[in-house]
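# A closer look at the structure
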Amino acid sequence: MHISVQADDFNIPDEINALSKDRTDIGAIATFTGLVRDIHGEKAIKSMTLEHFPAMAEQELEKIGNDAINRWPIEGLTIIHRYGKLLPGDQIVLVITTSHHREAAFNAAQFIMDWLKTDAPFWKKEETDEGTHWVAAKSDDNDKKDRWK
Amino acid sequence: MNILYFALIRENIGHFSETIDLPNDINNVNGLINYLEQKGDNYKAAFAQSDLIRVAINQEYVNLDHPISNNDEIAFFPPMTGG
């Protein structure tokens, strides 16, 4: 399992290659990438700043990753989450799962994103023409997480 | 004890961390919040909506009725919005 919390951008092909090179048993690679949108509801977003709790962030991502590994036959797993100031179109988060078959890879990636939304210590602040505001947590994020119980 | 604040709670209080001597009669998170609220309107604003407060003690998530001691590091933050 590769976990990283970083300010720098990530390169998706490099990350996929790190999990798949020299492997001929992997039949499925699922990737999810979260990006900064330029619109939230009616408001145009100029930039987004992600704050995090450094002492906890990697540890919590690792816990979520381990939960996924214990639940599905995953061969490889990468979770990268960025922090700091990001612009529309910038990459925020990357999840890659590899498995012999697609179902485990798809399910594990979705499970990880659903848990990450409510349990990884990151907070988004959006900057618009009218000022800045902290993004409110969505109650349906908890519902999405609960479907895995 | 060492106290950390993040995101909107940090902004409302006005600083990222502080160290206090935990009074002997305070033994859980709720008690600490009530104590901190006496320190000023900035703390009252930060803790105004108890359903929007999340807590970690020594980097583990806990509930508001969790016991605390002077040796703990406690972090207060709003519900998380990463991903």
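Throughout this description, residue numbers start from 1 for each chain and increase along the sequence as written. Here chains are named by letter from A upward and ligands by number from 1 upward, in the order in which they appear as written. Per-residue local features of the predicted model are confined to residues with pLDDT of at least 70, and side-chain atom pairs are confined, for both listing and counting, to 80 or more; whole-chain, interface and lining totals are unaffected and use all residues. In computing side-chain properties, one takes all heavy atoms of the structure into account and sets aside hydrogens as well as water.

## A few points about the overall build of chain A
In plain terms, the rule: Helical segments are the DSSP runs of H or I of at least four residues, strand segments are the runs of E of at least two, and each set is numbered from the N terminus. C-alpha atoms define the radius of gyration, and 2.2 Å times the number of residues to the power 0.38 defines the globule rule. Each residue gets one of three labels from its accessible area relative to the maximum for its type: buried under 20%, exposed over 50%, partly exposed in between, using a 1.4 Å probe on protein chains only. Residues count as neighbours in contact if any of their non-hydrogen atoms are within 4.5 Å of one another. Note on areas: Shrake-Rupley with a 1.4 Å probe; residue coverage comes only from the protein chains shown. We score Asp and Glu as negative and Lys and Arg as positive, and we do not count His or the chain ends. A charge is said to be at NZ when it belongs to Lys, at CZ for Arg, at CG for Asp and at CD for Glu.
In terms of helices and strands, chain A carries 4 helices and 10 strands. In chain A, the order of α-helices and β-strands from amino to carboxyl end is β-α-β-β-β-β-α-β-β-β-α-β-β-α. In terms of overall size, chain A behaves like a compact globule, its C-alpha atoms giving a radius of gyration of 16 Å where 149 residues would be expected to give roughly 15 Å. Along the three orthogonal principal directions, the C-alpha set of chain A runs to about 50 × 35 × 30 Å. Buried positions account for 49% of the 149 residues belonging to chain A. Of the contacts formed within chain A by residues at least 6 apart in sequence, a portion of 77% connects residues at least 24 apart. In the form shown here, chain A has an accessible surface area of approximately 7,700 Å², with 46% of it arising from carbon and sulfur atoms. If the 18 positive side-chain charges of chain A are averaged to one point and the 26 negative ones to another, these points end up 3 Å apart.

## Thoughts on the nonpolar core
Residue and element names in this part refer to chain A. Note the cut-off: What makes a nonpolar core is a set of buried Ala, Val, Leu, Ile, Met, Phe, Trp, Tyr and Cys residues whose side-chain atoms join them at distances within 4.5 Å.
Formed by 31 residues in total, the largest nonpolar core has its most connected members in Trp72, Ile79, Ile112 and Leu116. Elements with a contribution of two residues or more to this core: β1 (2-6), β2 (28-35), β5 (47-52), α2 (54-71), β6 (74-82), β8 (91-99) and α3 (102-119). For this core, the element with the highest residue contribution is α3, accounting for 9 residues. The contacts of Trp72, once residues within four sequence positions are left out, are Ala104, Asn107, Ala108, Phe111 and Trp148.

## A look at the sheet that holds strand β4 (residues 60-62) of chain B
All names here are of chain B. The following threshold applies: Following DSSP output, two strands are said to pair if at least two bridges run between them. Only the contacting stretch of a helix is used when fitting its axis, a line to C-alpha atoms as for every element, and angles between N-to-C directions run 0 to 180 degrees.
Spatial strand order, β2-β1-β5-β3-β4: 5 strands in an open sheet with mixed pairing. Each edge of the open sheet is held by one strand with a lone partner, namely β2 (17-19) and β4. Taken over all neighbouring pairs, the strand axes of this sheet differ in orientation by 25 degrees on average, direction set aside. Looking at chain direction, strand β1 (residues 2-5) and strand β5 (residues 73-77) are connected through 4 bridges and run parallel. By the bridge assignment, Asn2 is partnered in β5 with Glu73. Contacting β1, β3 (54-57), β4 and β5, helix α2 (residues 29-37) runs over the sheet at an angle of about 70 degrees to β5.

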